[in-house]
Amino acid sequence: MATRKSAKKPNVSADELTQYYRDMLLIRRFEEKAGQLYGMGLIGGFCHLYIGQEAVVVGLEAAAEDGDKRVTTYRDHGHMLACGMDPKGVMAELTGREGGYSRGKGGSMHMFSTEKQFYGGHGIVGANVPLGAGLAFADKYLENNRVTFTYFGDGAANQGQVYETFNMAALWDLPVIFVIENNQYAMGTSQKRSTSTPDIYTRGEAFGIPGEAVDGMDVLAVKEAGDKAVAHCRSGKGPYILEIKTYRYRGHSMSDPAKYRTREEVQKMREEKDAIEHVRELLISGGHASEEDLKAIDKEIKEVVNASADFAKESPEPATDELWTDIIADVAPQNA
Amino acid sequence: MATEILMPALSPTMEEGTLAKWLVKEGDTVNAGDIMAEIETDKATMEFEAVDEGTIGKILIQDGTEGVKVNTPIAVLLEEGESADDIDTASSAPAPEAKDDGDGDDAEAPKSAETKATAAPKSDTSPDWPEGTEMENKTVREALNAAMAEEMRRDDTVFIMGEEVAEYEGAYKITQNLLDEFGGKRVIDTPITEHGFAGIGVGASWGGLRPIVEFMTWNFAMQAIDQIINSAAKTLYMSGGQMGSPIVFRGPNGAAARVGAQHSQDYAAWYAQVPGLRVVQPYSAACAKGLLKSAIRDPNPVIFLENEILYGKSFEVPKMDDFTIPFGKAKIWRDGSDVTIVSFGIGMTYALEAAEKLAEDGIDAEVIDLRTLRPMDTDTVIKSVMKTNRCVTVEEGWPVPSIGSYISSVLMQKAFDYLDAPVINCTGKDVPMPYAANLEKLALTSTSEVIDAVRQVTYR
């Protein structure tokens, strides 16, 4: 099966297209700022940037409805911004401050928003896959017609628990979309060196789970595939796999010199395939926006990102007694 | 020569069973492999096959006899040419009592504190239910089953998943009748994929449900330990209190009998180390019931460590509509003044048996059942040691480090001036569990080790 590409003519409205542009740009500028703050020592530990992969979450969020759930791995800032979490709260979590989503106790890889049905941010590769299926299990049990987007990478796709989960998700018809964000490198190991199948989604066939490959540098193709997957899950037919071929421009984490690939390879992707440039061209060539309009959006995004950085710097560190809170709950938190 | 057919052990923990039905009668000829009888074990009804050929000379134990000890002669098989008259009286005499191996099966809790009057204040041994409550006799197995059924009736979001929990009704029959009553939506057989279904359980707890995840034994939960610790225990903290995991992980823990190293391990000290978890290891049926009901209602992930050998043991359980026991409250089974014995789970069988035997020699032991290891009621232990000035801890887990070593450290810090002897930890030995019967016995702790330890700390 060929990788899904978008129709020649965009099948979305000008407003939607503009929104994708805005949402993708927010992620990119936010991540650039996070990289900057990391360099200044304001963000510590691991920090995995999403730059290059923006079309994946923006396209799929466009296919989601209110109440649908999402859960992902440690490269999670983009997912949080795309589902509508406040950039200030995300950035302040990155700096480990009181104003962060987890009040500074989670960090880059561990953030949650029950309000936006974002169930983390998980640091153990592959572990969020059964968790996502579990969320879908709950939705099916409660008969609430929701779907769960369970994101993981090409690296996680080699974890045993992923296939344990495929089996049970198919067996029990769970409304879960397995989104494999294939950025071609599991940290420093290319897919060729780590994965027996070139198209990972085909592994679902063994479990009777349909799936397809999607051009992840094309937000319209992602949206279209997302619509199809959501319709499949919501109609009670069980899980669906989207293998979204994407590319990360930065290293695995901030400390990764990315010696495992050439500068030219990265450059070529940026120049020829960039998802934001793609939408920009569509907006201009379709006469939906002028250079001036787009410049205004850029400026607006920059202000939002700067405000989040200011907030993240100014927000105080958590009070020392926070060390001892949230270990054991007295009453059940309202998770769902 | 006539051969005695003995009551077989048909499960690792079977000590006695019911001779449900004979499928042969006196005078019948049998060949090896023929099914001779149906025997009910503590878990299931099993068919019992002949291993030799011959003629059934005499049936010694009739259909429907309950409580037939393993190795009791149940019939006599005659070789060709022999007749029933050849059976000598010795071989058909009542079987000797099943050997008491000192594993403390008869270590029932004392009815009341019948201790000598001493100057020391009496410890509170009052039960977890109001005085005058009607009691009934239940096995730990029945108590666990009732706790789940009651909670599933009470709350629609409670469901159970695990290997063989539904149609097979539990590998150890803890989920008996649940599928019938609650249906396949709430009683779910999983494939053999602990890592995967533990994670699905945690995700479901985030999605608004209250899962009970049964591990066929806790040994297999090592496949799932990442989900238990990284996903279930830490999420409340990592989310700044936004999200928690109300889930119960339960199943048999510790050594059963003769199942070897990979199937015989006590995880009490492992899980008790993890902040964010509740860890429960009950001994009696009443504690099992009251604590499991609390576990299912608790908003946190609960590790519920059962024991296969205790499943078939009977205890008094209060007849109450809604009986729960709070976490973090130890139970004093026996008031005493000379030494404090602290244990939990199956360790209590050694502790209580030792206390009985020591009493015969005038050594008066106080016996504390921790019941929950996280939170741990160290206050009750400290208070007791301030009275007795000596302490012995008892558990089947490994010694490095153990629940006992933690208690020793707490006592050193909080009751140093009250201790008249170093605390002794009776534990499982620092070896993988051997298979051979004699070595297995040595690898576990025992009543006699507890008695020796008490003599050492009391210098008597």
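- Looking at an unreviewed UniProt entry, chain B carries the name Pyruvate dehydrogenase E1 component subunit beta, with the source organism given as Roseovarius tolerans.
- Recorded in UniProt for chain B, the comment headed Subunit (unreviewed entry) runs: "Heterodimer of an alpha and a beta chain."
- UniProt, in its Catalytic activity (unreviewed entry) section for chain B, records the words "N(6)-[(R)-lipoyl]-L-lysyl-[protein] + pyruvate + H(+) = N(6)-[(R)-S(8)-acetyldihydrolipoyl]-L-lysyl-[protein] + CO2".

- Naming follows an unreviewed UniProt entry, where chain A appears as Pyruvate dehydrogenase E1 component subunit alpha of Roseovarius tolerans.
- Per UniProt, chain A has the following entry under Catalytic activity (unreviewed entry): "N(6)-[(R)-lipoyl]-L-lysyl-[protein] + pyruvate + H(+) = N(6)-[(R)-S(8)-acetyldihydrolipoyl]-L-lysyl-[protein] + CO2".

**A few points about the overall build of chain B**
Right, so step 1: Broken down by element type, chain B carries 14 helices and 22 strands.
Right, so step 2: Relative to the 2.2 N^0.38 estimate, which gives 23 Å for 460 residues, the radius of gyration of chain B is 24 Å and therefore close to what a compact globule would have.
Right, so step 3: Dimensions of chain B, computed from the C-alpha atoms along their principal axes, are close to 80 × 60 × 45 Å.
Right, so step 4: Taking all 460 residues of chain B together, 53% fall into the buried category.
Right, so step 5: Long-range contacts, defined here as pairs at least 24 residues apart, represent 75% of the contacts in chain B between residues at least 6 apart.

**A closer look at the overall build of chain A**
Right, so step 1: A count of helices and strands for chain A gives 11 helices and seven strands.
Right, so step 2: Over its C-alpha trace chain A gives a radius of gyration of 19 Å, about what one expects of a compact globule, namely 20 Å for 336 residues.
Right, so step 3: Seen along its three principal axes, the alpha-carbon backbone of chain A occupies a region of about 55 × 50 × 40 Å.
Right, so step 4: Contacts in chain A between residues far apart in sequence, at least 24 positions, make up 77% of those at least 6 positions apart.

**Thoughts on the interface of chain B and chain A**
Bring the parts together and some accessible area is lost; that lost area is often taken as the interface size.
Right, so step 1: Residue-level contacts link 35 residues of chain B with 38 residues of chain A.
Right, so step 2: Among the secondary structure elements, those contributing two or more residues to the side of chain B that touches chain A are α4 (194–206), α5 (225–233) and α6 (235–238) of chain B.
Right, so step 3: With 10 residues, α4(B) is the largest single contributor of residues to the side of chain B that touches chain A.
Right, so step 4: Its residues assigned to classes, the side of chain B that touches chain A comprises 14 nonpolar, 19 polar and two charged.

**A few points about the UniProt feature "domain: Dehydrogenase E1 component" (unreviewed entry) in chain A**
Right, so step 1: Within the UniProt annotation, "domain: Dehydrogenase E1 component" (unreviewed entry) is assigned to residues 23–319 of chain A.
Right, so step 2: The annotated region residues 23–319 of chain A carries 44% helix and 10% strand content, and the separation between its end C-alpha atoms amounts to 33 Å.

**Focus: the environment of B:Ala146**
All names here are of chain B.
Right, so step 1: As for its placement among the helices and strands, Ala146 is situated in helix α2 (residues 140–154).
Right, so step 2: The class for Ala146 is partly exposed, based on 18 C-beta atoms found within 10 Å.
Right, so step 3: Separated by 146 residues in sequence, Ala146 and Leu292 place their C-alpha atoms 9.7 Å apart.

**Section: the nonpolar core**
Right, so step 1: The biggest cluster of nonpolar side chains holds 205 residues, and the ones touching the most others in it are A:Met24, A:Ile177, B:Ile341, B:Val392, B:Val450 and B:Val454.
Right, so step 2: Looking at which domains feed residues into this core, each of domain 2 (143–159 + 175–307) and domain 3 (331–458) of chain B supplies at least three.
Right, so step 3: Setting aside residues up to four positions removed in sequence, B:Val454 forms contacts with B:Val339, B:Ile341, B:Ala354, B:Leu358, B:Ile363, B:Ala365 and B:Val392.
Right, so step 4: With 17 residues, the next largest nonpolar core counts B:Met36, B:Ala37, B:Ile74 and B:Val76 among its residues.

**Here we look at the sheet that holds strand β2 (residues 16–22) of chain B**
Residues and elements named next belong to chain B.
Right, so step 1: Across the sheet, which stays open at both edges, the four strands sit in the order β5-β4-β2-β7 with antiparallel pairing between neighbours. Every other strand in the sheet has two partners, leaving β5 (45–49) and β7 (65–69) as the edge strands with one partner each. Mean inter-strand twist for the sheet, computed between neighbouring axes without regard to direction, equals 40°.

**A word on the pairing of β5(B)**
All names here are of chain B.
Right, so step 1: Pairing of strand β4 (residues 35–40) with β5, which is carried by five bridges, proceeds in the antiparallel orientation. Along β5, the bridge assignment pairs Glu38 with Glu47.
Right, so step 2: Hairpin connection, β4 to β5: the antiparallel pair is bridged by four residues.

**Description of the domain arrangement of chain B**
Residue and element names in this part refer to chain B.
Right, so step 1: Looking at chain B, the domain boundaries give domain 1 (3–80), domain 2 (143–159 + 175–307) and domain 3 (331–458).
Right, so step 2: Each of domain 2 and domain 3 was reduced to a C-alpha centroid, and the two centroids are 27 Å apart.
Right, so step 3: Going through the elements one at a time, α7 (268–272), β14 (278–280) and α8 (285–297) are the ones with two or more residues in the side of domain 2 that touches domain 3.
Right, so step 4: Among the residues forming the side of domain 2 that touches domain 3, the class breakdown is 13 nonpolar, five polar and three charged.

**Focus on unusual backbone geometry**
Right, so step 1: A cis amide bond links B:Arg374 to the next residue, B:Pro375, at an omega of 0°.
Right, so step 2: As for its placement among the helices and strands, B:Pro375 is situated in the loop between β20 (372–374) and α11 (378–388).
Right, so step 3: Note that the residue after B:Val400, namely B:Pro401, is joined by a cis bond; omega there is -20°.
Right, so step 4: Non-glycine residue A:Arg103 carries a positive phi angle of around 55°.
Right, so step 5: By the secondary structure assignment, A:Arg103 is in the loop between α4 (87–94) and α5 (128–142).
Right, so step 6: Located in the positive-phi region is B:Lys173, a residue other than glycine, with phi close to 60°.

**Here's the deal with helix α10 (residues 347–360) of chain B**
Residue and element names in this part refer to chain B.
Right, so step 1: Between its first and last C-alpha atoms α10 spans 21 Å; for 14 residues at 1.5 Å apiece the expected length is 20 Å, and the two agree.
Right, so step 2: Most of α10 is tucked away, with 10 of its 14 residues classed as buried.
Right, so step 3: Within α10, burial applies to Gly347, Met348, Thr349, Tyr350, Ala351, Leu352, Glu353, Ala354, Ala355 and Leu358.
Right, so step 4: Close packing links the buried residues of α10 with β17 (331–334), β18 (339–343), β19 (365–369), β21 (391–394) and α14 (447–458).
Right, so step 5: The first or second residue beyond α10 is Gly362, which carries a positive phi of 80°.

**Focus: the UniProt feature "domain: Lipoyl-binding" (unreviewed entry) in chain B**
Right, so step 1: Taking the numbering used here, the UniProt-annotated feature "domain: Lipoyl-binding" (unreviewed entry) corresponds to residues 2–78 of chain B.
Right, so step 2: Split by type, residues 2–78 of chain B is 0% helix and 53% strand. Its first and last C-alpha atoms lie 5 Å apart.

**What about the packing of α10(B) against α14(B)?**
All names here are of chain B.
Right, so step 1: Contact geometry of α10 with α14 gives a least axis separation of 8 Å together with a crossing angle of 55°. In terms of axis orientation, α10 runs oblique to α14. Viewed along their axes, α10 and α14 form a crossing whose handedness is right-handed. Residue-level inspection shows Tyr350, Ala351, Glu353, Ala354, Lys357 and Leu358 of α10 in contact with α14, the latter providing Thr447, Val450, Ile451 and Val454.
Right, so step 2: Its residues assigned to classes, the contact of α10 with α14 shows seven nonpolar, one polar and two charged.

**Points about the confidence of the model for chain B**
Residue and element names in this part refer to chain B.
Right, so step 1: Put simply, chain B has an average pLDDT of 91, and 92% of its residues get 70 or more.
Right, so step 2: Confidence drops under a pLDDT of 50 for residues 89–118, and excluding neighbours within four residues, the segment shows 40 contacts in the predicted structure.
Right, so step 3: Confidence metrics for the complex model read pTM 0.89 and ipTM 0.93.

**So, the sheet that holds strand β1 (residues 69–71) of chain A**
Residues and elements named next belong to chain A.
Right, so step 1: Reading across the sheet, the five strands line up as β1-β2-β3-β7-β6 and stay open at both edges, with parallel pairing between neighbours. A strand with exactly one partner marks an edge of an open sheet, and here the two such strands are β1 and β6 (211–215). Strand-to-strand twist of the sheet, defined as the mean angle between neighbouring strand axes without regard to direction, takes the value 20°.
Right, so step 2: With three bridges connecting them, β1 and strand β2 (residues 148–153) associate as parallel partners. The residue of β2 that forms the bridge with Val71 is Thr150.
Right, so step 3: Docked against the sheet, helix α8 (residues 219–234) engages β3 (176–182), β6 and β7 (240–245), running at close to 170° with respect to β7.

Reading guide: rules and limits
- Per chain, the residues get numbers from 1 upward, laid out in the order the sequence is written.
- Lettering for chains starts from A, numbering for ligands starts from 1, and both go in the order in which the items are written.
- Owing to the predicted nature of the model, reporting of local features is limited to residues with pLDDT of at least 70; listing and counting of side-chain atom pairs is limited to 80 or more, with chain, interface and lining totals taken over all residues.
- UniProt positions are given in the numbering used here, feature names are shortened, and annotations may be inferred rather than shown by experiment.
- Counting from the N terminus, the helices are the DSSP runs of H or I reaching at least four residues and the strands are the DSSP runs of E reaching at least two.
- Every radius of gyration here is taken over C-alpha atoms, with the globule rule written as 2.2 Å times N^0.38, N being the number of residues.
- With C-beta atoms placed from the backbone, a residue is labelled by how many other C-beta atoms lie within 10 Å of its own: buried for 20 or more, exposed for 12 or fewer, partly exposed between the two.
- By the convention adopted here, residues are in contact when the distance between their C-beta atoms, placed from the backbone, does not exceed 7 Å.
- We call Asp, Glu, Lys and Arg charged. Ala, Val, Leu, Ile, Met, Phe, Trp, Tyr, Cys and Pro are nonpolar, and the rest, Gly among them, are polar.
- Here a nonpolar core is just a set of buried residues of the types Ala, Val, Leu, Ile, Met, Phe, Trp, Tyr and Cys, joined wherever their C-beta atoms sit within 7 Å.
- Just so you know, the domain bounds were taken from an automatic or database domain assignment.
- Only when DSSP finds a minimum of two bridges between them are two strands counted as paired.
- Note on geometry: axes are lines fitted to C-alpha atoms, helical ones only across the stretch in contact, with angles between N-to-C directions running from 0 to 180 degrees.
- Every helix has an expected span of 1.5 Å times one less than the residues it contains.
- These descriptions rest on fixed angle ranges, namely under 35 degrees for roughly parallel, over 145 for roughly antiparallel, 65 to 115 for roughly perpendicular, and the rest for oblique.
- Left-handed describes a crossing whose near helix is turned anticlockwise from the far helix through less than a right angle; right-handed describes the clockwise counterpart.
- One number per residue, pLDDT, summarises how confident the predictor is, and it ranges from 0 to 100.

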